[in-house]
Amino acid sequence: MDNKVFIEKKFKEFKEKYNLSVSLCFELPQEFSGAFGMFDVTKDVIYINNDKKISYVRLIFTFFHELRHAMQYNSPEKFSKEIRQTLPYVVHFDGNCYMLKNNKWLHCYI
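Residues numbered from 1 in each chain as written. Predicted model: local features only at pLDDT ≥ 70, side-chain atom pairs only at ≥ 80, totals over all residues. Heavy atoms only, no water.

**Q** Break down the overall build of the chain for me, citing the residues and quoting the values.
**A** Per the secondary structure count, the chain includes 3 helices and 6 strands. From first element to last, N terminus to C terminus, the chain shows the α and β order α-β-β-β-α-α-β-β-β. A compact globule built from 110 residues would reach a C-alpha radius of gyration of about 13 Å, and the chain, at 14 Å, matches this within 12%. The proportion of buried residues among the 110 residues of the chain is 33%. Pairs at least 24 apart in sequence give 35% of the contacts found in the chain among residues at least 6 apart. (Helix = DSSP H or I, 4+ residues; strand = E, 2+ residues; numbered from the N terminus. Rg over C-alpha atoms; globule rule 2.2 N^0.38 Å. Buried < 20%, exposed > 50% of the residue type's maximum accessible area, 1.4 Å probe, protein only. Contact = heavy atoms within 4.5 Å.)

What follows is the structure, encoded as structure tokens:
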């Protein structure tokens, strides 16, 4: 089975099972074009990089990782208090930090 077809099938299953209102896209936003994938909570979209150079294991890991983020934001009651408290905050490896406020990401750099 083709990787994209597999991901689309699993995505549909999870979407129906957990009543998610999330979309799936295989074209990442320009500023994340080199990433394996991401979830944009402000748009409710999971982006997956389906580049043939990315290994199957990395692709599947990324898909389920981003799907978990979608579930955390869309069904926070299914997760622990500690997880819910951290949802508005993102710290990247390069010192860029973000806080989600009113469905917009505020940015700072440390």
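**Q** Any details on the layout of surface pockets? Residues and values, ideally.
**A** Approximately 850 Å³ is the volume attributed to the largest pocket. Phe32, Met38, Phe39, Val90 and His92 are the residues nearest the centre of the largest pocket, which is lined by 27 residues in total. Among the elements of the structure, β2 (37–40), α2 (56–74), α3 (81–86) and β4 (89–91) are those that each provide at least two residues to the lining of the largest pocket. Ranked by residues supplied to the lining of the largest pocket, first place goes to α2 with 5 residues. Looking at the lining of the largest pocket residue by residue, the class counts come to 15 nonpolar, 7 polar and 5 charged. (1 Å grid on protein atoms, 1.4 Å probe; cavity = no way out; pocket = protein on both sides within 12 Å on 5 of 7 lines; lining within 4 Å. Points joined across faces, edges and corners; volume = space filled by probe spheres on them. Nonpolar A, V, L, I, M, F, W, Y, C, P; charged D, E, K, R; others polar.)

**Q** So, helix α1 (residues 3–17): which residues are in play, and what are the values?
**A** Its 15 residues place the ends of α1 21 Å apart at the C-alpha level, agreeing with the 21 Å of an ideal helix rising 1.5 Å per residue. All of the buried residues in α1 are Phe6, Ile7 and Phe11. What you see down the axis of α1 is that its buried residues fit within an arc of 130°, all on one side. Those residues of α1 that are exposed and angled more than 90 degrees off the buried face are Lys12 and Glu16. Its buried side turned inward, α1 meets β1 (23–25), β3 (45–48) and α2. (Expected span 1.5 Å × (residues − 1). Arc of directions from axis to C-beta.)

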